[in-house]
Amino acid sequence: MIERTLTQLSLAQIADSGQCFRLLRRGPGRFRLVAAGRVLDLVQKGSRVSFHCTEEEFQTVWVPYFDLCTDYGAFLRSIPSDDVFLTRAARFGEGVRILRQDPWEMLITFLISQQKQIPAIRSCVETLSRRYGTPIGDTGEYAFPGPEALSLCSLEELRSCALGYRAPYLYDAARSAGELSQWSGLPDQELFSRLTALSGVGPKVANCIMLFGFHRIAAFPRDVWINRVIDRYYGGNFPLARYDGFAGVIQQYLFYYARSGSKGEAE
DNA sequence: GCCCAGGTGACGG
DNA sequence: CCGTCACATGGG
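Given the structure is predicted, the values throughout are model-derived calculations rather than measurements.

Engineer: Outline the protein's contact with DNA strand C, supporting the account with residue identities and numerical values.
Structural biologist: The local shell around DNA strand C consists of Q117, P119, S123, R159, A162, G164, Y165 and R166. In the interface set of DNA strand C, defined as its atoms within 4 Å of the protein, sugar plus phosphate atoms amount to 62%. Broken down by secondary-structure element, the contributors of at least two residues to the surface near DNA strand C are α6 (118-132) and α8 (155-163). Across the surface near DNA strand C, the residue classes break down as 3 nonpolar, 3 polar and 2 charged.

As C-alpha cells, this is what we get:
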C-alpha cells in the first residue's frame, strides 16, 4: 500500500466531475476505481491518499493516470481575480484533475453520454463491461471491453444495453475506430476532425474525448451546463484566450461548480 | 407517470 | 449557414 500527501486532488470531486464513470464511492473516504484493465482501491482523508497497490504499479500506472506530475496549483493561480465566478468555481473544485483515460473507452463512454444523465451513463458503462469485458482477478469487477470484443456484438445485442438510438454509433465505432490510439500524435485540429468524422461524434463529444482520452487540455467541451454558465455569468462570451493551452482544466472547474449548484453534491 | 438528459444528424429555409 | 426536430431509455 502506498501513502502520499497530495495537493489539489479530491477523489470525491473527481468521482462527481463527469469525466470518469468508474470511480465509485464505497464508504466515507473510500473509493474503487476500474481503469487500465485494473482495479484500484483508494482511501482519502484530507490530503492523505492511500493507493492499494505496489510501488511499481503506483509509479507506472497511477501517477500518470491521476496526472500527479502536473502542478494544478499553477492553473488555479492563473485565474485573474477579476473573474469572481471562476475564482469561486476553481476554489470549490480545486481537487479536480484531468485524468489520463483510455481513448477508446472515452469514445464509447461519450458516445453514450449524449442525452443521458450521469448515473445513466455509469449504468450503461457497467453493463457493457460486465457483458463484454473480461473479469479482473477475483475482484468482481470487469475491464472495459476493447474494440475487438465490441465488434463481435450484433446491433440488437448492443440495443439491449439500454443504448437507445446510440447503439448504431457504437456498432460503427467498434468497426472503424480500432486504431484510435494511433491518433495520439496528431495535432489538436487534425485529431478533432478525425473524431468528428465518426458517426455520433459531434463537437461536444469530440472535445470530451480529446480532453479526457487524449489529455488535450486545451480542448473546451461546451455542453448544456457550460453554455448555461456562459450565458448567465459571461454575457454569452467566455474569455477563452485567457486560458490558452489549458482551457479544458478551466472547463472542468466551471462544469463541476455549475452542476453542484443545482444538485446537492457539495462536499 | 411525467419530464428531460455532459448532443447529433437530417432536414428545410 | 442557421433554426428545428426526432431520437430511446433510465433516473429524478
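Engineer: Could you give me a rundown of helix α4 (residues 84-92), with the residues and numbers involved?
Structural biologist: Every buried residue belonging to α4 is among F85, L86, A89 and A90, and all of these are buried. With its buried residues spanning 125° around the axis, α4 presents them on a single face. Against the buried residues of α4 lie α3 (72-77), α12 (224-233) and α13 (247-262). Where α4 begins, one side-chain oxygen reaches toward the backbone nitrogen of F85, 3.4 Å away; that side chain belongs to D83.

Engineer: Can you tell me about the protein's contact with DNA strand B, naming the residues and giving the values?
Structural biologist: Around DNA strand B sit 28 residues in total, of which G18, Q117, G202, D223 and Q251 are the nearest. Residue K116 places a main-chain N or O atom 3.2 Å away from a sugar or linking oxygen belonging to DNA strand B. A distance of 2.9 Å is found between a base nitrogen of DNA strand B and a side-chain nitrogen or oxygen belonging to Y165. Among the elements of the structure, α11 (203-213), α12 and α13 are those that each provide at least two residues to the surface near DNA strand B. Examining the composition of the surface near DNA strand B, we find that 4 residues originate from one element, α11, more than from any other.

Engineer: Quick rundown of the pattern of salt bridges? Include the residues and the values.
Structural biologist: With the rule as written, the count across this model stands at 14 salt bridges. Here E55 ties to R4 by a salt bridge, and the two come within 3.5 Å at their closest N and O atoms. Here the residue E55 occupies a position in helix α2 (residues 55-65), and R4 occupies one in strand β1 (residues 2-5), the gap between them amounting to 51 residues. Between D188 and R216 there is a salt bridge; the shortest N-O distance is 2.7 Å. In this pair, D188 sits in helix α10 (residues 188-196) while R216 sits in the loop between α11 and α12, placing the two residues 28 residues apart along the sequence. A cluster of three or more residues bridged by salt bridges with shared partners is formed by R26, R32, D41 and E141.

Engineer: Would you mind going over the sheet that holds β1 in detail, with residue names and values included?
Structural biologist: Reading across from one edge, β1-β5-β4-β3-β2 is the order of the 5 strands in this open sheet, with antiparallel pairing throughout. With one partner strand each, in any of the chains shown, β1 and β2 (23-27) form the two edges of the open sheet. Taken over all neighbouring pairs, the strand axes of this sheet differ in orientation by 25° on average, direction set aside. Pairing geometry for strand β3 (residues 30-35) and strand β4 (residues 38-45), over 6 bridges, is antiparallel. Note on β4: the bridge partner recorded for V34 is V39. Strand contacts of α2: β1, β3, β4 and β5 (48-51), with the helix running at about 45° to β1, the strand carrying the most contacts.

Engineer: Go over α11 with me, naming the residues and quoting the values.
Structural biologist: Among the 11 residues that make up α11, 9 are buried, leaving the element largely enclosed by the rest of the structure. Listed as buried for α11 are V205, A206, N207, C208, I209, M210, L211, F212 and G213. Where α11 ends, the next residue or the one after it, H215, has phi of about 50°, a positive value.

Engineer: So, the nonpolar core: which residues are in play, and what are the values?
Structural biologist: Burial of nonpolar side chains together is a common tendency in soluble globular proteins. Counting 70 residues, the largest nonpolar core has W104, L107, I108, L195, Y253 and L254 as the members making the most contacts within it. Broken down by element, this core gets its largest block of residues, 9 residues, from α13. With residues near it in sequence (within four places) discarded, W104 still touches F144, P145, G146, P147, L150, A173, A174, A177 and L180. One finds F31, V49, V61 and L99 within the second-largest nonpolar core, a separate group that totals 25 residues.

Here is what the cut-offs are and how they apply
Residues numbered from 1 in each chain as written. Chains lettered and ligands numbered in written order. Predicted model: local features only at pLDDT ≥ 70, side-chain atom pairs only at ≥ 80, totals over all residues. Heavy atoms only, no water. Near = heavy atom within 4 Å. Helix = DSSP H or I, 4+ residues; strand = E, 2+ residues; numbered from the N terminus. Nonpolar A, V, L, I, M, F, W, Y, C, P; charged D, E, K, R; others polar. Buried < 20%, exposed > 50% of the residue type's maximum accessible area, 1.4 Å probe, protein only. Arc of directions from axis to C-beta. Contact = heavy atoms within 4.5 Å. Polar contact = N/O pair within 3.5 Å; in protein donor to acceptor, adjacent residues only side chain to side chain. Salt bridge = Lys/Arg side-chain N within 4 Å of Asp/Glu carboxyl O. Pairing = 2+ DSSP bridges. Axes fitted to C-alpha atoms, helices over the stretch in contact; angles between N-to-C directions. Core = buried A, V, L, I, M, F, W, Y, C linked by side-chain atoms within 4.5 Å.

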